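Take a look at the letters that make up each chain.
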Protein chains: 2
Amino acid sequence: MSSPTLADVASLADVSENTVSRVIRDKGYIAPATRKRVNEAIRKLGYVPNRAAGSLASSSSAIIGVILPSMSNIVFPEVLRGIHAGLAGTHYQPMIGVTDYDLKKEESLISSLLAWKPAAIITTGCEHTAAARRMLKNSTVRVGELMDIDHRPIDLAVGLSHLEAGRSAARHLIGRGYAKIGYVGHDWNADKRAHARYLGLVEGLRQAGLVLSEENRTNGPSSTLAGKAALAELLSRAKTIDAVVFSNDDMAVGGYMHCMAAEIAVPETLALFGFNGLEIGQTLPKPLSTILSNRFAIGKTAVELLLANSERNKKPQIVDTGFSILEGSTA
Amino acid sequence: MSSPTLADVASLADVSENTVSRVIRDKGYIAPATRKRVNEAIRKLGYVPNRAAGSLASSSSAIIGVILPSMSNIVFPEVLRGIHAGLAGTHYQPMIGVTDYDLKKEESLISSLLAWKPAAIITTGCEHTAAARRMLKNSTVRVGELMDIDHRPIDLAVGLSHLEAGRSAARHLIGRGYAKIGYVGHDWNADKRAHARYLGLVEGLRQAGLVLSEENRTNGPSSTLAGKAALAELLSRAKTIDAVVFSNDDMAVGGYMHCMAAEIAVPETLALFGFNGLEIGQTLPKPLSTILSNRFAIGKTAVELLLANSERNKKPQIVDTGFSILEGSTA
DNA sequence: TCGAATTATCTCAGCGCTAACATTTTTCCC
DNA sequence: GGGAAAAATGTTAGCGCTGAGATAATTCGA
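Residues numbered from 1 in each chain as written. Chains lettered and ligands numbered in written order. Predicted model: local features only at pLDDT ≥ 70, side-chain atom pairs only at ≥ 80, totals over all residues. Heavy atoms only, no water.

- Chain A appears in an unreviewed UniProt entry as LacI family DNA-binding transcriptional regulator from Rhizobium vallis.

**Section: the sheet that holds strand S7 (residues 214–217) of chain A**
All names here are of chain A.
So, step 1. Strand order in the open sheet made by the four strands is S7-S6-S8-S9, with parallel pairing throughout. The sheet is open, and its two borders are formed by S7 and strand S9 (271–273), each paired with just one other strand. The sheet shows a mean angle of 15 degrees between the axes of neighbouring strands, taken without regard to direction.
So, step 2. Here strand S8 (residues 243–246) runs beside S9; their pairing, made up of three bridges, is parallel. Residue pairing across strands places Val245 opposite Phe273, the latter belonging to S9.
So, step 3. Sitting on the sheet, helix H9 (residues 192–207) is in contact with strand S6 (181–185), S7 and S8, with an inclination near 175 degrees to S6. (Pairing = 2+ DSSP bridges. Helix = DSSP H or I, 4+ residues; strand = E, 2+ residues; numbered from the N terminus. Axes fitted to C-alpha atoms, helices over the stretch in contact; angles between N-to-C directions. Contact = heavy atoms within 4.5 Å.)

**A word on the confidence of the model for chain A**
So, step 1. The pLDDT averaged across chain A works out to 93; a share of 100% of its residues lies at or above 70.
So, step 2. Averaged over each element, pLDDT in chain A is lowest for helix H12 (residues 279–283) of chain A (84) and highest for S8(A) (98). (pLDDT = per-residue confidence, 0-100.)

**Structural notes on the relation of the copies chain A and chain B**
So, step 1. Of the transformation superimposing chain A on chain B, the axial component is 0.0 Å and the angular component is 180 degrees, with the fit at an RMSD of 0.1 Å. Expressed as a symmetry operation, the mapping of one chain copy onto the other fits a two-fold axis. (Least-squares fit on C-alpha atoms with pLDDT ≥ 70 in both.)

**Notes on the interface of chain A and chain B**
So, step 1. With 45 residues of chain A in contact, the opposing surface of chain B contributes 45 residues.
So, step 2. Here chain A and chain B share an interface that buries about 4,100 Å² over both sides, 69% of which is from carbon and sulfur atoms.
So, step 3. Summed over the three residues of chain A that lose the most area to chain B, namely Gln93(A), Trp116(A) and Thr283(A), the buried surface amounts to 16% of that side.
So, step 4. For the pair chain A and chain B, the number of links is zero salt bridges.
So, step 5. At the surface where chain A touches chain B, the tally comes to 14 residue pairs in polar contact (both at pLDDT 80 or more).
So, step 6. Taken together, the elements giving at least two residues each to the side of chain A that touches chain B come down to helix H4 (51–58), helix H5 (75–87), strand S2 (93–98), helix H6 (103–114), helix H10 (224–237), helix H11 (249–262) and H12 of chain A.
So, step 7. Ranked by the residues each element gives to the side of chain A that touches chain B, the list is headed by S2(A), at six residues.
So, step 8. Grouping the amino acids of the side of chain A that touches chain B by side-chain chemistry returns 26 nonpolar, 14 polar and five charged. (Buried area = accessible area lost by both parts, 1.4 Å probe. Salt bridge = Lys/Arg side-chain N within 4 Å of Asp/Glu carboxyl O. Polar contact = N/O pair within 3.5 Å; in protein donor to acceptor, adjacent residues only side chain to side chain. Nonpolar A, V, L, I, M, F, W, Y, C, P; charged D, E, K, R; others polar.)

**As for the protein's contact with DNA strand C**
So, step 1. Near DNA strand C you find 25 residues, and of these Thr34(A), Leu6(B), Ser21(B), Arg25(B) and Tyr47(B) are the closest.
So, step 2. Restricting the count to atoms of DNA strand C within 4 Å of the protein gives a sugar and phosphate share of 65%.
So, step 3. Measuring from a base nitrogen of DNA strand C, one finds a side-chain N or O atom of Asn18(B) at 2.7 Å.
So, step 4. For the surface near DNA strand C, the secondary structure elements donating two or more residues are helix H2 (17–25) and H4 of chain A together with helix H2 (17–25) and helix H4 (51–58) of chain B. (Near = heavy atom within 4 Å.)

**Topic: the protein's contact with DNA strand D**
So, step 1. Near DNA strand D lie 25 residues; those nearest to it are Leu6(A), Ser21(A), Arg25(A), Tyr47(A) and Thr34(B).
So, step 2. In this structure, a phosphate oxygen belonging to DNA strand D sits 2.4 Å away from a side-chain N or O atom of Ser21(A).
So, step 3. The backbone of Asn50(A) places a nitrogen or oxygen atom 3.2 Å from a phosphate oxygen of DNA strand D.
So, step 4. For the surface near DNA strand D, the secondary-structure elements that each account for two or more residues are H2 and H4 of chain A together with H2 and H4 of chain B.

This is how it looks when you write it as structure tokens:
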């Protein structure tokens, strides 16, 4: 009843175990006739190699450890989609962990993923506990840190400069003649990159001699509902602003919904600006003005670079997948 | 340089390897003093157990194989989120594969996931290749088939009856006085459950002596953009319908966007009805009337039931997570 | 036609852990 | 205070595979 092993295949094909192993891994010299015989035996027995055994013997595995902060924010499933796309056609399997934005949880996930001797570990951002950083540094697996390139990575960083994205938002709005600019955001503890964009925005405004007119930050994670409520609240305090930058598109779409409900003309009375370039923002009656962060490309690029080389870069490598302003019609 | 092993811990703590192993797995009798000594040694060495070795020795692993048809449809990341929620606090790790709605790919994913001797395999729907079904049946791992309960599962099915959901949509619209009902959908090959809902809808209408007035199906996957275009096309052909059922919320939100752009009064001129109960539908100026499918609960429930028992059910078990009509304001 | 390459295959010792069972130590009750 | 049960730890034999190196078979040029 227990599944067939290499030995079963070997004896059926009348070769040594090692030969079967070599056929499977397509390694070394194999006579065509032997290969055929082995493959037939494999098929006949329905043999499936035991990865644990292989992994133990070779002290390496075809696992890619992936650590994401959240599954609730659509951005991360999209990164994951990119990772999958990069993995397609290879025999690597992603093993996923979710931290809920908790660095301690990240640390323990790193430890348990490392226990599988993965080929690479992909995680998010530059912030890790000291222990986590040490584990990653001491191991020899490749390490990708995604989303953010405003720091020196352990091995490879792929993403964009959120600071620069914030500055770009400022420049865009200033260029369009907006001067009384507000900000609606969500919790920065959970999302340092949103904070970086905020800092970039403020800096961009300052360079033009402006300051943020008003801001409103919610406690929870970003969501359309939160954005809707937060904009309403902001406007109740500051009726004279002419543009609002949101921490991301979820919040911005919520803001747009508020404007529709409250019959505020967008962008004539109030301009709206997001971040991410989510599909939903582009489906609004007036497509959202926002910054396209290429989540899919980030995931895909990271995987491709990590798999291209099994050794770590001697110098940490930083890859900027960039961003682009989606003009839209709301700002 | 190579990482410490059980043996290193054992000699440092001056106990046998087996004792260390028992401390780690919290199994059998351990004197408190010994446990403390071992844990200190583990900490001092930064020991991380090699899962591959453990898995090989015990011929089982703490891996949960998860096979999803797609990452692009928000529904599946949400199921995955539920799975993660169910896994939180356990030491199980999900290993993810994506089929792109290709049953052959599912088959090969099942095979490679099985190679890790996972504790369970979670996949979607009831459709599998003969070989895939055989592999799952022959293995002893627990198997969860998600989303759909209109079939006899291998071991456990968790989801809802899409047929019944379709019927409910029909009853809801009929109850509201709509009689000329159209349908806008996406590709059924990729999404059998959408087809089941369609069949339920048609059946529900027939029971009231009605038929579908008009329908329009796109080729690709569902999306807001596709829904927007498809409704426009449908209305260009059939101007007299008073309600449209969409294959899901993505499509329905797109339809709503079309109505806004074309200034069609919803629901006065045209009622809209979706499926899934996505957040975005509920954020529209008029919340979308739809059916709430509990994706998160499906994932979470499945994991909990699978982990509750390491043996398969003698009788396949079917768990109906149900659905509920979100009244909304669009139908 | 023979030796050196080249090609094809085999042998065997682990990889690091766990299961099963054996053994020793401690507890505890009559 | 002696013996059985309970508690604590040790011993041993793999799990199924791969890597390194040895060996055998084949090719090929001079």
